[in-house]
Amino acid sequence: MCGITGWASFHHDARNRAPVIEAMTATLTPRGPDAGGVWLGEHAAIGHRRLSVIDLAGGVQPMIDQSDVVLSYSGEVYNHHQLRAELRGLGHEFRTRSDTEVVLRAYAEWGESVADHLEGMFAFAVWDEREQRLLLVRDRLGVKPLYWAPVDGGLAFASEPKALFAHPEIRPRVDADGLREAYSLVFNTGPTVWSGVREVEPGGLLVLDRAGIRERRYWQLEAGAHGDDRDTTVERIRELVGTAARGQLEADVPLCSLLSGGLDSTVLTALLADELRLREGPDARIRSYAVDYSDQASEFTGDVLRTGHDTPYATEAGAFIGTDHSTVVLDPLALLDPEHRKAVVVARDSPIGVGDMDTSLYLLFGEIRRHSTVALSGEAADEVFGGYPWFHNPKALAADTFPWLLVTGDDAAMPLNPELDLRIGEFRADTYRGALAAVPHLDDETPAEHRQREMQHLSLTRWLRQLLHRKDRLSMAQGLEVRVPYCDHRLVEYAFTTPWALKSHDGREKSLLRATGTGLAPESVLWRPKNHYPATHHPDYNRGLQNMARDALATEQVRALADETRIKPCLDTPPDQLEWGHRLRLERVVDLALWLDHHQPELAL
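These numbers were taken from a predicted model, which means no experiment stands behind them. (Residues numbered from 1 in each chain as written. Predicted model: local features only at pLDDT ≥ 70, side-chain atom pairs only at ≥ 80, totals over all residues. Heavy atoms only, no water.)

**Q** Help me get a handle on the packing of aromatic side chains, residues and values and all.
**A** Scanning all chains against the criterion turns up 16 aromatic pairs. Aromatic side chains Phe-187 and Trp-404 sit 5.9 Å apart centroid to centroid with 40 degrees between the ring planes, which places their arrangement in the tilted category. One end of the pair, Phe-187, is in the loop between helix 5 (176–183) and strand 11 (198–199); the other, Trp-404, is in the loop between helix 13 (394–398) and helix 14 (409–412), with 217 residues separating them in the sequence. Given the relative accessible area of 1%, Trp-404 is considered buried. Three or more aromatic residues link up through ring pairs in this structure, and these residues are Phe-187, Tyr-388, Trp-390, Phe-402, Trp-404, Tyr-432 and Trp-463. (Phe/Tyr/Trp six-rings, centres within 6.5 Å; stacked < 30°, edge-to-face > 60°. Helix = DSSP H or I, 4+ residues; strand = E, 2+ residues; numbered from the N terminus. Buried < 20%, exposed > 50% of the residue type's maximum accessible area, 1.4 Å probe, protein only.)

**Q** If you had to explain the sheet that holds strand 17 (residues 374–376) to someone new, which residues and values would you point to?
**A** If you walk across this open sheet you meet the five strands as 16-15-14-17-18, and the pairing is parallel. What marks the edges here is a single partner per strand, and that holds for strand 16 (324–330) and strand 18 (481–483). For this sheet the average axis-to-axis angle between neighbouring strands, irrespective of direction, equals 30 degrees. (Pairing = 2+ DSSP bridges. Axes fitted to C-alpha atoms, helices over the stretch in contact; angles between N-to-C directions.)

**Q** Outline the sheet that holds strand 6 (residues 120–128), listing residues and values.
**A** Reading across from one edge, 4-5-6-7-12-13 is the order of the six strands in this open sheet, with antiparallel pairing throughout. Whereas interior strands pair on both sides, the edge strands pair on one side only; in this sheet they are strand 4 (63–64) and strand 13 (212–217). Sheet topology note: the strand 5 (residues 69–77)/strand 6 ladder contains nine bridges and is antiparallel. When the bridges of strand 6 are listed, Val-77 appears paired with Gly-120.

**Q** Give me the lowdown on the packing of helix 11 (residues 356–369) against helix 16 (residues 447–476), citing residues and values where you can.
**A** Viewed as axis vectors pointing N to C, helix 11 and helix 16 meet at an angle of 45 degrees, and their least axial separation amounts to 8 Å. Here helix 16 runs oblique to helix 11, going by the angle between their axes. In the packing of helix 11 onto helix 16, the handedness of the crossing is right-handed. Taken together, the residues of helix 16 that come into contact with helix 11 (itself represented by Met-357, Asp-358, Leu-361, Tyr-362 and Phe-365) are Arg-470, Lys-471, Leu-474 and Ser-475. Here the contact of helix 11 with helix 16 is composed, by residue class, of five nonpolar, one polar and three charged. (Parallel < 35°, antiparallel > 145°, perpendicular 65-115°, else oblique. Left-handed = near helix turned anticlockwise from the far one by under 90°. Contact = heavy atoms within 4.5 Å. Nonpolar A, V, L, I, M, F, W, Y, C, P; charged D, E, K, R; others polar.)

**Q** Can you tell me about unusual backbone geometry, naming the residues and giving the values?
**A** The linkage connecting Gln-61 with the following residue, Pro-62, adopts the cis geometry, with an omega of -5 degrees. Structurally, Pro-62 can be placed in the loop between strand 3 (44–50) and strand 4. Despite not being glycine, Asp-421 has its phi angle at roughly 55 degrees, a positive value. You can see Asp-421 is positioned in the loop between helix 14 and helix 15 (424–437). Positive phi, close to 50 degrees, is recorded for Arg-423, a residue that is not glycine. Structurally, Arg-423 can be placed in the loop between helix 14 and helix 15. Residue Arg-423 is classed as partly exposed on the basis of its relative accessible area of 44%.

**Q** Lay out the environment of His-92 with the relevant residues and their values.
**A** Turning to its location among the elements, His-92 is positioned in the loop between helix 2 (80–89) and helix 3 (99–110). Note: C-alpha distance between His-92 and Ala-347 (255 residues apart in sequence) is 39 Å. Polar contacts involving the side chain of His-92 include one to the side chain of Glu-109, which spans 2.8 Å. (Polar contact = N/O pair within 3.5 Å; in protein donor to acceptor, adjacent residues only side chain to side chain.)

This is how it looks when you write it as structure tokens:
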């Protein structure tokens, strides 16, 4: 995994601006701590920071071919061996073992259609000197980030907004539209909190040439007929999950699995462990990690998202599978450390996060990085297989809004100053109608099937994207690559066409994954209720958070944006009685203050 950046402009000579591309590239050093490089041409500048994972010696970037095509690439293409063989048959020669060179040769063969041939997670930029054309491409589910912003005569791009702000023509500026995007929690792709800064759409590409800028989608979810019976569907799911897991086990560096003790991570870890034993012998053991807090074993406290303590299940799963398992135990008070909090906000480039859960994930990744460079995660299984409560709750199914707002809602969103007149409710309603209009359907769907398809599409195209952003930023800030096999587009496509009756055939959430996991996971894990990422409930953490929020509200810019009348009651609640939603409100006040202090954005409200 790496960081990419650069720009193309037909109005200026980029060869005179080496310090600019060097500064942009330097901001991405945490994403690529192993090496960096830049390339300068007359109308383009390309930068790269590398985290070496495959072909440590040969995958140097930016990579250039004999015809002056320049590639800066981040991600992993899991079918690069098959593509290499195909391209060799078409006459291409290779100098390295890297998947980077495969992407470069694939562009030489297929041009703009290169993405159609790639399986994996990726974001890359190709500058074609012959054609005077810049191509930006992002993977189908949006696992890897890619941002862009206009500059005089062209555009600049980067893995993270912070790199764009190192370009002299792009300043951190936030307007009312940006605040609506950030705080409405509708998770659009395209627009961002930053004025003028956009994302390349998941499954999308952008082309810049002398005729201008054009964007298009090369992939999106489609509704299709599903002719398989239950047994055939389970077998096909097992095949697709197994193929995705096995294909993502390749690395020339130490690799591990994130094992929470839930169904998703346990099934994935079991498949990885079995494959590793096949490749390396019966004594091979994959390393696995879970996270916990020092107070949880004796004082676990449930809330609206958490019904049980993860660690005993993770330990049982690790023993059942035969992993080299470790639990990273965090001190809840370490989550209040101002340096940790700042590092998280800087990594996100956004004021919106989930507080202590972000900080704990960042610290977990830091511990994992001491031993491993690649980790595999069970992210996306809930979206693919129908694991969230809103798939099963009649109130959520009947609600005329994004279903997660019924769980997080205004209690968890930091309330904004009403004098800003942002009309968040109207924005949410308009966005929701547009989101439903984008859902594909079959003509003969029942009303129940129609609604479930909407819920899955919203979950896959919106809710999942902010989870992938979170995992990417916090892992890459520690120089750790996280792979997500449940985001394999073939698995996602097949599950999306599967009728809801099959997805819930045992009367529970994630029925198909549970059937797939039979024999791979302990019975206690197979039938365990859905549990979200753990959070601390230590009263001293809550007390410290309240103090940090008071300090945040003492700053003029925070008071200008936040609704103090709805925040202050949360400051006066006894720490041991602070509800999860109200605590998250305070977390976002603290993050807002850190974000404003770091970026010093122009507020154009």
